[in-house]
Number of protein chains: 2
Amino acid sequence: MADEPLRVPFEQLKSTIRQALLNAGLPEDVAEECARTHAESSLDGVQSHGLNRVPRFIDYVRRGWVDPEAKPELVGAHGAVENYDGHLGPGITNARFCMGRAVELAKAHGIGCVALRNTTHWMRGGSYAWQAARAGYVALCWTNTESSMPLWGSTEPGVGNNPFCLGIPRQKGPVVLDMATSQFSWGKIGTYRLAGRQLPFDGGYDAQGQLTRDPAAIEESHRILPAGYWKGSGMALALDLAAAALSGGKSGSVMDAEGRGSCTGACQVFIALDPYLFGSEEQVQQMLDQRIDAAHATAPVDAGRPVTYPGEHTLGRRQQNLREGVVVDPAIWAQVQALAAGSTERIVDLSAGEVSTQR
Amino acid sequence: MADEPLRVPFEQLKSTIRQALLNAGLPEDVAEECARTHAESSLDGVQSHGLNRVPRFIDYVRRGWVDPEAKPELVGAHGAVENYDGHLGPGITNARFCMGRAVELAKAHGIGCVALRNTTHWMRGGSYAWQAARAGYVALCWTNTESSMPLWGSTEPGVGNNPFCLGIPRQKGPVVLDMATSQFSWGKIGTYRLAGRQLPFDGGYDAQGQLTRDPAAIEESHRILPAGYWKGSGMALALDLAAAALSGGKSGSVMDAEGRGSCTGACQVFIALDPYLFGSEEQVQQMLDQRIDAAHATAPVDAGRPVTYPGEHTLGRRQQNLREGVVVDPAIWAQVQALAAGSTERIVDLSAGEVSTQR
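Summarised in this report is the structure supplied together with it. Here the structure is a predicted model, which is why all the values come from computation and not from measurement.

Each value, and the rule that gives it
- Residues numbered from 1 in each chain as written.
- Chains lettered and ligands numbered in written order.
- Predicted model: local features only at pLDDT ≥ 70, side-chain atom pairs only at ≥ 80, totals over all residues.
- Heavy atoms only, no water.
- Axes fitted to C-alpha atoms, helices over the stretch in contact; angles between N-to-C directions.
- Helix = DSSP H or I, 4+ residues; strand = E, 2+ residues; numbered from the N terminus.
- Left-handed = near helix turned anticlockwise from the far one by under 90°.
- Contact = heavy atoms within 4.5 Å.
- Nonpolar A, V, L, I, M, F, W, Y, C, P; charged D, E, K, R; others polar.
- Phe/Tyr/Trp six-rings, centres within 6.5 Å; stacked < 30°, edge-to-face > 60°.
- Lys NZ or Arg CZ within 6 Å of the ring centre and 35° of its normal.
- Polar contact = N/O pair within 3.5 Å; in protein donor to acceptor, adjacent residues only side chain to side chain.
- Core = buried A, V, L, I, M, F, W, Y, C linked by side-chain atoms within 4.5 Å.
- Buried < 20%, exposed > 50% of the residue type's maximum accessible area, 1.4 Å probe, protein only.
- Least-squares fit on C-alpha atoms with pLDDT ≥ 70 in both.
- Expected span 1.5 Å × (residues − 1).
- Buried area = accessible area lost by both parts, 1.4 Å probe.
- Salt bridge = Lys/Arg side-chain N within 4 Å of Asp/Glu carboxyl O.

## Focus: the packing of helix H4 (residues 91-109) of chain B against helix H5 (residues 126-134) of chain B
Residues and elements named next belong to chain B. The interhelical angle for the contact between H4 and H5, taken along N-to-C directions, is 35 degrees, at an axis separation of 10 Å. Note on packing geometry: the crossing formed by H4 with H5 is right-handed. Together, Gly91, Ile92, Ala95, Arg96, Met99, Gly100 and Val103 of H4 and Tyr128, Gln131 and Ala132 of H5 make up the contact between the two elements. Partitioning the contact of H4 with H5 into residue classes produces 6 nonpolar, 3 polar and 1 charged.

Now the structure itself:
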C-alpha cells in the first residue's frame, strides 16, 4: 500500500486552496477563481501547475511580486484588439479575464485578440485554451517568461521555454495543445532525478557538452534542450518578441534584468476565433470527428496503445480523479493545509525541479 | 573547381522560371508572381521550395491538379475574418492574395484573419510571413497537408508535417520563424542520403523501430520523426484540425483519401496583427533590438558562431546571392531551362527525398 498515491476529493482540494489564498490576502472572488483553476489543473493531472504551485504563489504574494488586489486595466482598444495592463495581479485571473474578452471580441468581429502586459505566472496555459474551447471558440495563446533555456548554439539560458497553446472546441472532447518550447520542463527533469530515473529521450546537455538523458547532469549544466533543437529555440524567441511587441510589455531579457522570476511582469497574447462562421457546427464537428477517427486508426507502435490527440487523456483523467480523488503530493498537500489553517511560516518550495532555475 | 556550386543571376533565374510557367499555361501575372516567389526562395537559400519545386509544379498543372486560371473566391466574410475557396489555383498566388487580405483586414480591425480552402502547395511558408512583415505586420500562418509523418506512437504516416510560421516586422531585418513540425523534411533526409552522410540528430526510426540518424533507414521505414517527439506530432494534428475547421475545408485525412499529394486541396490560415496599435513603431523596434541584442550576447557553444534569431541568416544569404548569383542544382536548372525552351517531355522529379513520400 506504500505505493498508493494520496488522493483528495476535488471539492476538498479546491476549498483548502481557496482558504490558503484567502489567508494570503486574496479577495473572495479572486481566491475562488484561482483555487478552482489550480484545483482543476491537478484534477486534469497537471499537478506541476496545480496544487504544487500554490505555496510559491502565496510566497510571491507575501513578497509583493503579485498584487492580489490588482485588476487588469484597459489601456488601448482598436477594432478586434484590446490591450490590458495586468498590474502584476494574479496571473490566473488576469489570463481568464483576457481570454474571456478575446471570446467577446470574436463574437463581434469573428476573431478577437487581447494583448496583456505586466502580468504574473498564468500557471497552466492550457486552462485558457480549455476556457475558449468550452465557449465554442478556437484559441491561440502564449506567454513569454524570463530565461530558463539556452538558445540554440548557446551554453547559458537566454530565452524562456515559452509555452504555446492551441485549442479547438469539440463536442466529444476539445483538442488542446499545451506545449512548452523546451523538450522537458525543469519540473519534469527534477521529478526524474528524484525518482532515480533517466529521461526517456535526450533532455539537455551535460557539463561536457554532450546530449544526455541524465536529469542530474542537465541540472548541473543548466542546459535544458529546446524541443526539436533549433526549432523550439527559434519558436521560443519569436513568441517572446511577438508577445512583447503586441502588448507593449517586457521581453524575456527585460524580465531577466529585473530578476524576480516565475513570469513576473510577463506578456501574454490571447486570440479567439469563431469556427462556425462559414460552416455549421454540425459540419465542423463531423469533420473533426472524422479526422480524429483517422488518427486513431493509424497503426500503433504498441498494439494496446492507440494514437491520441492532444488533450485526449485529460478527460479520462478528470473523470477518474473526480471519482477516486485528485492525486496530490503528500508534503505539498500538508503545506497547503497548514497555509489554509493560518500558518505564516516561511514557505519552502517543495515542487520538483526548482533547484536549478527560477521557474 | 568541381566543388564550386553553379550560380545563376537572380534575374535570369526568375525570367527562366517565368517562361517555363508561361509555357505551362499560367497567365502572365500569375507566372510573374509565382516565378518571383520561387526565385526569391532560392535567393534566400531555400532551394527545396524554390527552383527545385518548379518542375513538379508544372507536372501538377499538366495533370490538372493545379488550375492555373483559378482565382480565390470570397465565400464568406464576417468582421475581421474572410473565407476563400482557392479552387485549386496556384498555391503561391492564392496564399499571397490571402495574406494581403489579412493585412488589409488588420488595417481596419487591428487584426485580420483569412481562412483559405481548396488551395495547392504554398511552397515556402515563410514567404507569406515575410510579405506581412515587409508591410509592417506581425503574421501567423499555417497550412495542412496530406500525411507524411507518423503521429506519435504510430508506425505509419498519419499527419502532415504541417508548417507553422510566425513573422515580426523589424527594421534591421524581420524575425521569421518557418517551422515544419517534422524534425527534418523528407527533402533534407534525401539530401543527406545522396551525400552519403548521417543526419546531425535522430530524424526517424529504422525498420527495427530504433531511433536513427541514418537517412536511408528512415526512407525505408517511412517513419520520420516529429520535432520534439510528441510535441511536433500534437502540434501538427492541432494545426490540421484548426485549419480545416476555420476554412470549412479538407483535413489531412480527407486529402489522404483523395491521394493527389503535395497539399492538393489544402487549407491555410493567415492572421495579421498590427504591432503599433498601442506603442509607437520606435518603441516597439527598440524593444525588439534590445531583446535580440541580449540573445546575441549569450555565450555561444562555438566562439565563432554567435546565437541567431529566426530568419537572421536569410538577409545575409540574400545579399551574397544577389552579388554572386543564386546557387542552383545543375540538373534541375537544366530541366527548368528546357521547360522554358518549350520542352513537353514527361517531367521526372529530380528534387531530393521524393522517393518515399508524396510531398
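## Comments concerning the packing of aromatic side chains
Per the counting criterion, the structure on display carries 27 aromatic pairs over all chains. Put simply, the rings of Trp152, Tyr229 and Trp230 of chain A together with Phe184 and Phe201 of chain B touch in pairs and so form one group of aromatic residues. Geometry around Trp65 of chain A places Arg63 of chain A over its ring, the cationic atom sitting 5.0 Å from the centre. Taking NZ or CZ as reference, Arg318 of chain A lies 4.4 Å from the ring centre of Trp130 of chain A, over its face.

## Quick look at the environment of Asp274 of chain A
Of note, Asp274 of chain A is situated in the loop between strand E12 (266-273) and helix H10 (281-296). Linking Asp274 of chain A and Gly112 of chain A, residues 162 residues apart in sequence, is a C-alpha distance of 9.1 Å. Once residues lying within four places of it in the same chain are set aside, the contact partners of Asp274 of chain A are Gly110 and Tyr137 of chain A together with Leu246 of chain B. A polar contact is formed between the side chain of Asp274 of chain A and the backbone nitrogen of Tyr276 of chain A, at a distance of 2.8 Å.

## Here's the deal with the nonpolar core
Ranked by size, the top nonpolar core spans 100 residues in total, and within it Ile271 of chain A together with Trp142 and Ile271 of chain B carry the most contacts. Apart from the residues lying within four places of it in its own chain, the contact partners of Ile271 of chain A are Ile111, Gly112, Cys113, Val138, Ala139, Leu140 and Trp142 of chain A together with Ile111 and Leu140 of chain B.

## Some words on the relation of the copies chain A and chain B
Relative to chain B, chain A is turned by 180 degrees and slid 0.0 Å along the rotation axis, the superposed coordinates differing by an RMSD of 0.0 Å. One copy is carried onto the other by what is essentially a two-fold rotation axis. Identified as the residue of chain A closest to the rotation axis by C-alpha distance is Gly228 of chain A, at 2.2 Å.

## Describing helix H10 (residues 281-297) of chain B
The end-to-end C-alpha distance of H10 of chain B, which contains 17 residues, comes to 24 Å, matching closely the 24 Å that a straight helix rising 1.5 Å per residue would cover. Of all the positions in H10 of chain B, only Val284, Gln285, Met287, Leu288, Asp289, Arg291, Ile292 and Ala295 of chain B are classed as buried. Buried residues in H10 of chain B make contact with strand E7 (157-159), helix H8 (230-247) and helix H9 (252-258) of chain A together with strand E8 (164-168) and strand E9 (175-179) of chain B.

## Regarding the interface of chain A and chain B
Taken residue by residue, the interface counts 82 residues in chain A and 81 residues in chain B. Across the chain A to chain B interface the summed buried area is about 6500 Å²; carbon plus sulfur atoms make up 75%. Put simply, chain A and chain B have 2 salt bridges between them. Close ionic contact of Asp240 of chain B with Arg291 of chain A constitutes a salt bridge, the shortest N to O distance being 2.6 Å. Scanning the region where chain A abuts chain B turns up 22 residue pairs in polar contact (both at pLDDT 80 or more).

## A few points about the pattern of salt bridges
By the definition in use, this model includes 40 salt bridges over all chains. Residue Arg124 of chain B pairs with Asp44 of chain B through a salt bridge whose shortest N-O separation is 2.9 Å. A residue pair is termed long-range when its members are at least 10 positions apart, and Arg124 of chain B in the loop between strand E4 (111-119) and H5 and Asp44 of chain B in the loop between helix H2 (28-43) and helix H3 (54-63) qualify at 80 residues. Among the residues examined, Arg124 of chain B registers a relative accessible area of 8% and is labelled buried. Asp44 of chain B gets classed as buried once you look at its relative accessible area, which sits at 2%. Through salt bridges with shared partners, one network takes in Lys14, Arg18, Glu28 and Glu32 of chain A.

The analysis is restricted to geometry; functional conclusions fall outside its scope.
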